[in-house]
Structure formats: C-alpha cells, structure tokens
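Structural characterization, general
Below, each chain spelled out in residue letters.
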Amino acid sequence: MKLADADPVEEVLPKLPLLDQVPEILVGRRHEPEVDLHAMVGLQPQVLAWLQQGTAEVGIVGMPTQCSHFKSQHLLSEEFVLVVPCGHTLAQQSIVGLADVSAEPFILFARNDPMHDLFLDACQQVGFEPHVVFESDSQSARLGMVAAGLGISIESRLLTGCSSFHGTVAVELMGTP
C-alpha cells in the first residue's frame, strides 16, 4: 500500500469467505488516515484485469495465476466437498470418490472461473466427462439448484462452511482438485 502519499489504494477481494475480513482491512485505515482503501469484488479474470489496468494495486484471487508481472503470495489452500440435496442417496455417505458421481448431473462454477476447468480436468483424470446442467458464478444460485434437486455441485469447504444452504448436505469428497 502507498503510505508515503495520499493516492487511493484499491483492495480487490474475491467472492470468498475472506469477505468477512473486509471490516478488519477497512478498520486498518484508521491507523493510516492518508491511505484510502476501496474494496471491490470480482471473479479472478476481472480482478487480474483491474490489476493490469492499474484500477487496483492489490488483489486477492482464488487460484494461482501464471502472470509473471504480478508478485503473488499464497494465502491458503482449500479442500472441496460434494454438495447434494438432503434427500439424495449420497447425503447419507461420509465420503465419496469423484469417480463414484460420474453419472450425476453437475452444477458447476461459471466457465470464466478457474475452478471450472480445474474440476473438468479432475473428472478427466478419474475417467469421465461430467454432465453439466447449470453453470453460475454465484454460489447461492448453484446451491439453490442443488437444493431444488437439479444436480450436485463441488464447492469449497471454506465457502460451504460459511454459507449453509437449507436443503443441501456437504459430503467429503476424495479425488478433488
């Protein structure tokens, strides 16, 4: 952050539970009144574009990036769980392998989310191509579709733990990205 001058500093935050830390980040401005923080939320491609355009000076993204002109710092690693409707036969399982759900309809991350391709690659590694029935960058939309019984989803354990969605169950998943 620029502490030497009064230029605004843009803090770009993804759609992750890290958002619950926004108040802590913004409270930090009390200690550095010359720093103007402005939080923005976007998917990784948008965050990277903001950084490249100079709209933002700091960005937090959900997946590693291969952009050599950015300095990066690993913050955390996530595990993924399978999210199924409460009445689904898999809801009673304690752990399920990715290959075991190959015949299920999937509700996935949007194509512009790096998790989309990561999940497709993981499915190919265990020998299947998922039948995708819905894609969205909104976790609420994905979980709503799961709760309605339209398919199953793979979600971040961290995200799932922060937003329980009525009508869904998280099941431990082996063989995830």
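As the structure is a prediction and not an experimental result, all values here were calculated from the model. (Residues numbered from 1 in each chain as written. Predicted model: local features only at pLDDT ≥ 70, side-chain atom pairs only at ≥ 80, totals over all residues. Heavy atoms only, no water.)

Evaluated as defined, the whole model comprises two salt bridges. A salt bridge links R111 to E135, with the shortest nitrogen-to-oxygen separation between them at 3.2 Å. Taken together, the residues R111 in the loop between β6 (105-109) and α3 (114-125) and E135 in strand β7 (residues 131-136) connect sequence positions 24 residues apart. R111 gets classed as exposed once you look at its relative accessible area, which sits at 61%. Among the residues examined, E135 registers a relative accessible area of 26% and is labelled partly exposed. (Salt bridge = Lys/Arg side-chain N within 4 Å of Asp/Glu carboxyl O. Helix = DSSP H or I, 4+ residues; strand = E, 2+ residues; numbered from the N terminus. Buried < 20%, exposed > 50% of the residue type's maximum accessible area, 1.4 Å probe, protein only.)

Once that is clear, we can look at the pairing of strand β4 (residues 80-85). Along β4, six of the six residues are buried, which leaves the element largely enclosed by surrounding structure. As paired strands, β4 and strand β8 (residues 152-156) are joined by four bridges and run antiparallel to one another. Among the inter-strand pairings, V81 is bridged to a residue of β8, identified as E155. (Pairing = 2+ DSSP bridges.)

Counting residues in each nonpolar core, the largest one holds 20 residues, and the members touching the most others are L82, V84, L98, V101, F106, F119 and I154. If you list the elements that add at least two residues to this core, you get β4, β6, α3, β8 and β9 (168-174). Considering every element that reaches this core, the biggest residue donor is α3, with four residues. Membership of the second largest hydrophobic core comes to seven residues, among which are M40, V47, L48 and F70. (Core = buried A, V, L, I, M, F, W, Y, C linked by side-chain atoms within 4.5 Å.)

Further remarks concern the environment of L75. Relative to the assigned elements, L75 resides in the loop between β3 (58-59) and β4. Using a relative accessible area of 57% as the deciding quantity, one classes L75 as exposed. For the pair L75 and V61, spaced 14 residues apart in the sequence, the C-alpha separation amounts to 9.7 Å.

To continue, consider the environment of S72. Relative to the helices and strands, S72 resides in the loop between β3 and β4. On the accessibility criterion, S72 (60% relative accessible area) is exposed.

Bringing the confidence of the model for the chain into the picture now. A residue-level look at the chain finds 69% of positions with pLDDT of 70 or above and a mean pLDDT of 76. Highest mean pLDDT in the chain belongs to β7 (95); lowest belongs to strand β1 (residues 8-13) (38). Here residues 1-17 scores under 50 on pLDDT; set against residues more than four positions off or in separate chains, the count is 61 contacts. (pLDDT = per-residue confidence, 0-100. Contact = heavy atoms within 4.5 Å.)

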